[in-house]
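Remarks on the overall topology
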Amino acid sequence: MSENAAVLRGVTFRYANGEQGALNSLDLEIKRGECVLLCGSSGCGKTTVTRLLNGLIPHYYEGKLSGAVTVLGRDIRETAIEELAGTVGSVFQNPRSQFFCVDTTAELAFGCENMGLPEAEIWRRMDKTVSEMRIEGLLGRSIFNLSGGEKQKITCAGVAAMLPELIVLDEPTSNLDLDAIDELREVIAAWRSQGRTVVIAEHRLGWLDGLCDRVIFMENGAVSAEFAGTDFFALSTQKLNSMGLRALHTDRNFLGSEAGLHAIKPFSGGEVITLEGFSYSYGRQAALGIVRLELPVGSVTAVVGHNGAGKSTFVRCLCGLQKRFRGTVTLGGRRLRSKDMMRLSYMVMQDVNHQLFTETVLEEVLLGAEEGSEARADEILGKLGISQYKERHPMSLSGGQKQRVAIASAMLAGKKLLVFDEPTSGLDFRSMERTAELLRSLGSTVLIVTHDMELIERCCTHILHIENGQAVVLGE
């Protein structure tokens, strides 16, 4: 048996729809039992490599492929994608894209059932996986009522239960809080101890310190540099930033910590948006219960909290998007109904695929803008680093690029309240910095649901901490 789990020789690939992430004469070997990190700026080709490893290229994504790709001893061109399903497991950036069931327990069993395993073996694997990942509280839940981080946990568990030899993860922490990241780290460490091969494409790097054997830095569709894990994680923040990579660690943890709050203004003085009696339930499960809260007008407020704390539910209620929601909003002495809040606000959701509608990027960002906004649209697209794609179809872009298109649309909408739910998931260092700079300059009241401590450091003036559906204002 070959010591290599995967070998890519002289691989060149161009997407048929022009999607960024093409590969150029790429050479890469991944040994069995290795944990390998793929890193680099958005569009460097990381995701394309993961799609080659799991067979999505060439069997799902169309394009022109040349060179040799061998995965677990099989020629990827000659191997049907369903033949790889039991040996290569995949965790995508957007967990919703790989769900097949409506409840969590069925979703955990789905992959094993597809492999034709006996029922007793399926339950044994599920019980073991649930215990190892500590997700007992997520069993028997509706997929639609989970937070983004909880969905990611279910995805990872479903893959783990299949016991694949090679596990490929594409931005697995983009929607996870710090505790959930620590839990994922423990799971990957367990996979390594079992001799499995793990390949991770990621922008958030610090959590992988001590976990990765090797780091592959990619630029322009090829391997630009290769590091032993210990050498890479010894690099300075300045060196990483110069490579377009995130810092390994942030100076502050704003989630449940008083550290660094001197940089955050207190909630006092000036005009406020007053929220009273905010409550919402998913069936019998209470998700939100805020008696009274004031948000400063013109502030940039980070909404932080653990996965499933109620953050996304809170902002959807605030924007008037949740039916059967109870609560009132008062602004400038006027009590506003849900319909009023929908007119005053604009929300960029976690999954931006649901709010991209037009044929080109430029048309998309101008969709809700006033007439004559073309020059401003060009300016914003330029600052976000995506002006070169303005004539491309939004759905042909990478996940991080789609995110920036949605952000540009929000900025041009001219609304008093702008809400961004994980706006920097999938963004590299430079894209995150550009986004932070623009969010600071908007002038509207801005709420940012985020686990991204670097983003908070760079642009937020206030912090709202939500846990168990309750609000705790930090900085008072």
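Residues numbered from 1 in each chain as written. Predicted model: local features only at pLDDT ≥ 70, side-chain atom pairs only at ≥ 80, totals over all residues. Heavy atoms only, no water.

Overview of the sheet that holds strand S10 (residues 222-228)
Put simply, the rule reads: Two strands are said to pair when DSSP picks up at least two bridges between them. Each helix corresponds to a stretch of at least 4 residues labelled H or I by DSSP, and each strand to a stretch of at least 2 residues labelled E; elements are numbered beginning at the N terminus. To get an axis, fit a line to the C-alpha atoms, keeping to the stretch in contact for a helix; angles then go from 0 to 180 degrees between the N-to-C directions. The contact rule is simple, with two residues in contact once any of their heavy atoms fall within 4.5 Å.
Read across the open sheet, the six strands follow the order S6-S7-S8-S3-S9-S10; overall the sheet is mixed. Edge positions in the sheet fall to strand S6 (88-91) and S10, since each of these pairs with one other strand and no more. Adjacent strand axes in the sheet meet at a mean angle of 20°, parallel and antiparallel pairs treated alike. In this structure, strand S3 (residues 35-39) lies alongside strand S9 (residues 214-219), joined through four bridges in parallel fashion. Across the sheet, Cys-39 pairs through a bridge with Phe-217, a residue of S9. Along the sheet face, helix H1 (residues 46-53) touches S3, S6, strand S7 (166-170), strand S8 (197-201) and S9 and points at about 150° away from the line of S7.

Some remarks on the environment of Gly-43
By the element assignment, Gly-43 lies in the loop between S3 and H1. A C-alpha to C-alpha distance of 8.5 Å links Gly-43 and Glu-219, two positions 176 residues apart in sequence.

Description of the pairing of strand S19 (residues 462-467)
Formally: Buried, partly exposed and exposed residues are distinguished by accessible area as a fraction of the type maximum, computed with a 1.4 Å probe on protein chains only: under 20%, between the cut-offs, and over 50%, respectively.
Of all six residues that make up S19, five are buried, and the element is covered over most of its length. Relative to S19, strand S13 (residues 300-304) runs parallel, the two being bridged by four bridges. What sits directly across from Val-304, in S19, is His-465.

Section: the packing of aromatic side chains
As a reminder, the rule being used: Note on aromatic contacts: the rings of Phe and Tyr and the six-membered ring of Trp form a pair at centre separations within 6.5 Å, being stacked when their planes are under 30 degrees apart, edge-to-face when over 60 apart, and tilted otherwise. Our definition puts a charge over a ring when NZ of Lys or CZ of Arg is within 6 Å of the ring centre and also within 35 degrees of the ring normal.
The full count for this structure, using the stated rule, is nine aromatic pairs. On the numbers, 5.1 Å between centres and 80° between planes, the contact of Tyr-280 with Tyr-282 is edge-to-face. Residue Tyr-280 is classed as buried on the basis of its relative accessible area of 8%. Residue Tyr-282 is classed as buried on the basis of its relative accessible area, which comes to 17%. Here a set of aromatic residues connected by ring pairs shows up, and it is made of Phe-13, Tyr-15, Tyr-60 and Tyr-61. Across from the ring centre of Tyr-61, 3.9 Å away, lies the NZ or CZ of Arg-51, which sits over that ring.

Quick notes on a nonpolar patch on the surface
We count it as follows: Patch rule: a residue counts if its relative accessible area is over 30% and it has no salt bridge; like charges are joined within 9 Å, and nonpolar side chains (Val, Leu, Ile, Met, Phe, Trp, Tyr) within 5 Å. For every accessible area listed, the method is Shrake-Rupley and the probe measures 1.4 Å; residues are considered covered only by the protein chains on display. Should a side-chain nitrogen of Lys or Arg be within 4 Å of a carboxyl oxygen of Asp or Glu, the pair is scored as a salt bridge.
Taken together, Leu-321, Met-342 and Met-349 make up a surface patch of nonpolar side chains, about 240 Å² in accessible area. For Met-342, a relative accessible area of 43% gives the class partly exposed.

Observations concerning the sheet that holds strand S2 (residues 23-31)
Here four strands make up an open sheet; going across it, the order is S2-S1-S4-S5 and the pairing antiparallel. The open sheet has two free edges, formed respectively by S2 and strand S5 (74-75), since each of these has just one partner strand. Taken together, the two bridges between strand S4 (residues 63-71) and S5 define a ladder with antiparallel strand orientation. In the sheet register, Thr-70 faces S5, and the bridge partner there is Asp-75. Contacting strand S1 (4-15), S2 and S4, H1 crosses the sheet at an angle of about 120° to S1.

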